[in-house]
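Close look at the chain arrangement
Letter by letter, the chains look like this.
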Amino acid sequence: MTSKTDEALGYEQARDELIEVVRRLEAGGTTLEESLALWERGEALAKVCRTWLEGARRRLDAALAEEREGTEAGGADGDE
């Protein structure tokens, strides 16, 4: 579950922190507890990123749908 603080993160902030978490996990040298905490943080950050990307996809889909509707309406009015 993400916290209110996580939800306030912008996409780029969450992505950058996620990159750092992955880097630390891949580097090794952490205890099991530290690794688990990093993994959990990474999962929370990935969820934030996924939420931002899904929202962006919805906005793009809506904009494309509006554009198609405008083109179809304009094409119907302009046909002779």
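The structure presented is a predicted model; accordingly, all values stated were derived computationally and were not measured.

When its secondary structure is counted, the chain shows three helices and zero strands. Counting every position in the chain, which comprises 80 residues, the buried fraction comes to 16%. A separation of at least 24 residues holds for 73% of the contacts in the chain among residues at least 6 apart in sequence.

Note: α-helices contain 3.6 residues per turn, so residues at a spacing of three or four share the same orientation. Taking 1.5 Å per residue, 17 residues should reach 24 Å; helix H2 (residues 11-27) reaches 24 Å between its end C-alpha atoms and fits that length. Just downstream of H2, Gly 28 is the residue with a positive phi angle, here 75 degrees.

This part takes up the pattern of salt bridges. Applying the stated criterion across every chain yields a total of four salt bridges. Between Asp 16 and Arg 15 there is a salt bridge whose closest N-O contact spans 3.0 Å. Overall, the relative accessible area of 31% leaves Arg 15 in the partly exposed class. In this structure, Arg 23 engages Glu 20 in a salt bridge whose closest nitrogen and oxygen atoms are separated by 2.5 Å. One end of the pair is Arg 23 and the other is Glu 20, both in helix H2 and three residues apart, which spans about a single turn.

Now for the environment of Val 48. Looking at where Val 48 falls in the secondary structure, it is placed in helix H3 (residues 32-78). Here Val 48 falls in the buried class, since its relative accessible area comes to 6%. Taking the C-alpha atoms as reference points, Val 48 and Tyr 11, separated by 37 residues in sequence, lie 7.2 Å from one another.

Looking now at the nonpolar core. Nonpolar side chains in soluble globular proteins tend to end up buried together. In this structure, Leu 9, Ala 14, Val 21, Leu 38, Leu 45, Val 48 and Cys 49 together form the largest nonpolar core, which totals seven residues. Sorting the residues of this core by element identifies H2 and H3 as the ones contributing at least two each. Tallying contributions element by element places H3 first for this core, with four residues.

This part is about the confidence of the model for the chain. Scored by pLDDT, the chain has a mean of 89; 89% of the residues are at 70 or more. Looking at the elements of the chain, mean pLDDT is at its lowest for helix H1 (residues 4-8), recorded as 75, and at its highest for H2, recorded as 98.

How each quantity is defined
Residues numbered from 1 in each chain as written. Predicted model: local features only at pLDDT ≥ 70, side-chain atom pairs only at ≥ 80, totals over all residues. Heavy atoms only, no water. Helix = DSSP H or I, 4+ residues; strand = E, 2+ residues; numbered from the N terminus. Buried < 20%, exposed > 50% of the residue type's maximum accessible area, 1.4 Å probe, protein only. Contact = heavy atoms within 4.5 Å. Expected span 1.5 Å × (residues − 1). Salt bridge = Lys/Arg side-chain N within 4 Å of Asp/Glu carboxyl O. Core = buried A, V, L, I, M, F, W, Y, C linked by side-chain atoms within 4.5 Å. pLDDT = per-residue confidence, 0-100.

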